[in-house]
Amino acid sequence: MATERTFREINERIKQGKAVVITAEELVTMVRKKGVSYATSEVDVVTTGTFGPMCSSGAFLSLGHSKPRIKMHKVWLNGVPAYTGIAAVDAFIGATEVREDDPLNSDHPGEFRYGGGHVIQDLVAGKKINLRTTGYGTDCYPRREFETQIALDDINEAILFNPRNAYQNYSCAVNPSSKTIYTYMGVLKSNMQNAHYSTSGQLSPLLKDPWFKTIGIGTRIFLGGGVGYVAWNGTQHFPSFMKDEGGQDISPSGATLSVIGDLKKMSPRWLAGASMLGYGASLSVGLGIPIPILNEDVCRFAAAGDDELFAPIVDYSQAFPEREPDNLGHVSYAELKSGTIKINGREVTTAPMSSYPRAKEIAGLLKTWIQKGEFLLGEPVELLPNANAGISAHVL
Amino acid sequence: MAPKKVVLRFSADKADQPMIYKLVKDYDLVINILKANVNPQKEGTMVMDISGEKTEAGIEYLKSVGVGVQSLTEEIIQNEDKCVSCGSCTAICPTGALYIERPDMTVRFDSDRCVVCHLCLKACPMRAMEVRF
């Protein structure tokens, strides 16, 4: 009889130190050697990981009250503005915000050396941050200006809350135009001299559970080196499948996650400020999800290898900025990782934007945490919408 | 004899002196300036190749007029604390000095192949490639 497990049964085995946990990379090999039925009967949990720039990230900071009190109307952290339209001493520092004196792209391509992502990394590294704030003065909050140095331990709460992380799949970006372009997919040289891609392929969390059979609200995850949770589906969550000309599924595409966790327990190794030349500042986030092998179906999807997962090739000089639907075909992650791909018969050098070694390290850490019984699976209170939910994108 | 690669540092008040001219005229040296940052208001730096029989004498002359001379071994470095091995520099590097080691996909830097073009410095999202004199 085919193996079936529940979250509760797996958690019992984790508590007893008996759970069999392997990484998604190891599962790919196991299933190829011994088949889905064997792997399903053997393995309780498969761990995934990804580490790359994820713009839609940020942190809620509850800064604490000064004496006398100030209602913080404007807040700057190391010169980077934080959003304060929340409450008197609460602010949200967004990963892509930059200093007010940043030259941006006035001297193109701009460097965007220090932004909200760097503030978050400095905070988790335990560094002192300059906090400057102004208020308009009220009867209960009379103070109008305040400046001090804060560290993460000095403030009341710091909650990482990323509205859109862990993109399921992503375009392979190229530039067929005659001049270099500077994008969030890196520097793309003219005449398609390079192709950049950005997922960890066979280790990428949402490529391994494309139908959301296990991931939902309340799933406990590795986030920024600490423990986090799936809070909701991410913004721009379009969990459909790319189709070929015959209407057959090629690969999962655009699902995303909204995630949350205690910033105070995270680490600068897994939350790193990023500067994308000519584009802007961002935050590279380390994120990993354990997938419980509930049955053979779950196992089969989790065992998809780099040669079975595909990315669309997109022209970032024309099709992407102009919102033209064309792509230049599809390419497997195995080909992308090999270092060269063929586009229209031409060899093009590839390079990743997300770190495969770090993704592998995350899957390994998560595996160790679960094996040691330190990390239990969170059973979702509700699974996320999948390709059958009929979600489609609105455009302006 | 292979050219000697050196970095010169000189204070602002030396910026208007024809030192390179002297190296060529008085010491008969072949000079190839790779990089120069000369500003009458600030300390200046220059990176160059020197070759010729009187190379050492020429360097002694520079030192005698108060120019700091340092031989250059490795100019661009990979800060391994900052590098996350994403790989986004590897297709930008024109000489393959930055490359991905497969199958583990780790980003490596071979300084012998580096021509100090500086393209990686800004292309790296982590700013992990650094210039060191």
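Scroll up to find the structure this text is about.
Keep in mind the model is a prediction, meaning the values are calculated, not measured.

## Things to note about the overall build of chain B
At step 1: Counting its regular elements, chain B contains three helices and eight strands.
At step 2: Scanning chain B from its N terminus toward the C terminus, one meets helices and strands in the order β-α-β-β-α-β-β-β-β-α-β.
At step 3: The C-alpha atoms of chain B give 18 Å as radius of gyration, which overshoots the globular expectation for 133 residues (14 Å, by more than 25%).
At step 4: Viewed in the frame of its principal axes, chain B has a C-alpha envelope of about 55 × 35 × 20 Å.
At step 5: Once local pairs closer than 6 in sequence are excluded, the contacts in chain B between residues at least 24 apart make up 64%.
At step 6: Carbon together with sulfur atoms contributes 48% to the accessible area of chain B, which is approximately 7200 Å² in total.
At step 7: Taken as two groups, the 17 positive and 18 negative side-chain charges of chain B have centres that lie 4 Å from each other.

## With respect to the side chain of Arg358(A)
At step 1: Assignment of secondary structure puts Arg358(A) in helix H7 (residues 356–371).
At step 2: Despite its burial, Arg358(A) pairs with no opposite charge; the closest candidate is Glu361(A), at 4.3 Å N-O.
At step 3: Discounting residues that sit within four places of it in the chain, Arg358(A) has contacts with Phe51(A), Arg269(A), Trp270(A), Cys83(B) and Val84(B).

## Observations regarding H7(A)
All names here are of chain A.
At step 1: Over its 16 residues, H7 runs 22 Å from end to end, which matches the ideal 22 Å to within 8%, given 1.5 Å per residue.
At step 2: Considered for burial, the residues of H7 that qualify are Tyr356, Pro357, Arg358, Ala359, Ile362, Ala363, Leu366, Lys367, Trp369 and Ile370.
At step 3: At the N-terminal boundary of H7, the capping side chain belongs to Ser355, with an oxygen 3.1 Å from the backbone nitrogen of Arg358.
At step 4: Remark: Gly373 follows H7 within two positions and exhibits a positive phi of approximately 80°.

## Details of a nonpolar patch on the surface
At step 1: Residues Phe60(A), Tyr83(A), Ile86(A) and Ile159(A) make up a contiguous nonpolar surface patch of roughly 360 Å² in combined accessible area.
At step 2: Secondary-structure assignment places Tyr83(A) in the loop between strand E6 (80–82) and strand E7 (90–94).

## So, the packing of aromatic side chains
All names here are of chain A.
At step 1: Overall, the coordinates contain 15 aromatic pairs over all chains when judged by the stated rule.
At step 2: Here the aromatic rings of Phe60 and Phe92 are separated by 4.6 Å at their centres, their planes lie at 55°, and the arrangement is tilted. With Phe60 in strand E4 (residues 58–62) and Phe92 in strand E7, the pair connects residues that are 32 residues apart, well separated along the chain.
At step 3: Judged by its relative accessible area of 17%, Phe92 is buried.
At step 4: Aromatic ring contacts, followed pair by pair, group Tyr167, Tyr170, Tyr184, Tyr279, Tyr316 and Phe320 into a single cluster.
At step 5: If you follow Arg132 out to its NZ or CZ, it ends over the ring of Trp76, 4.0 Å from the centre.
At step 6: The positively charged end of Arg358 is found above the aromatic ring belonging to Trp270, 5.3 Å away from the centroid.

What counts, and at which threshold
Residues numbered from 1 in each chain as written. Chains lettered and ligands numbered in written order. Predicted model: local features only at pLDDT ≥ 70, side-chain atom pairs only at ≥ 80, totals over all residues. Heavy atoms only, no water. Helix = DSSP H or I, 4+ residues; strand = E, 2+ residues; numbered from the N terminus. Rg over C-alpha atoms; globule rule 2.2 N^0.38 Å. Contact = heavy atoms within 4.5 Å. Areas by Shrake-Rupley, 256 points an atom, 1.4 Å probe, with all protein chains shown as cover. Lys, Arg positive; Asp, Glu negative; His and termini not counted. Charge placed at Lys NZ, Arg CZ, Asp CG, Glu CD. Buried < 20%, exposed > 50% of the residue type's maximum accessible area, 1.4 Å probe, protein only. Salt bridge = Lys/Arg side-chain N within 4 Å of Asp/Glu carboxyl O. Expected span 1.5 Å × (residues − 1). Polar contact = N/O pair within 3.5 Å; in protein donor to acceptor, adjacent residues only side chain to side chain. Patch = residues over 30% accessible without salt bridge, like charges linked within 9 Å, V, L, I, M, F, W, Y side chains within 5 Å. Phe/Tyr/Trp six-rings, centres within 6.5 Å; stacked < 30°, edge-to-face > 60°. Lys NZ or Arg CZ within 6 Å of the ring centre and 35° of its normal.

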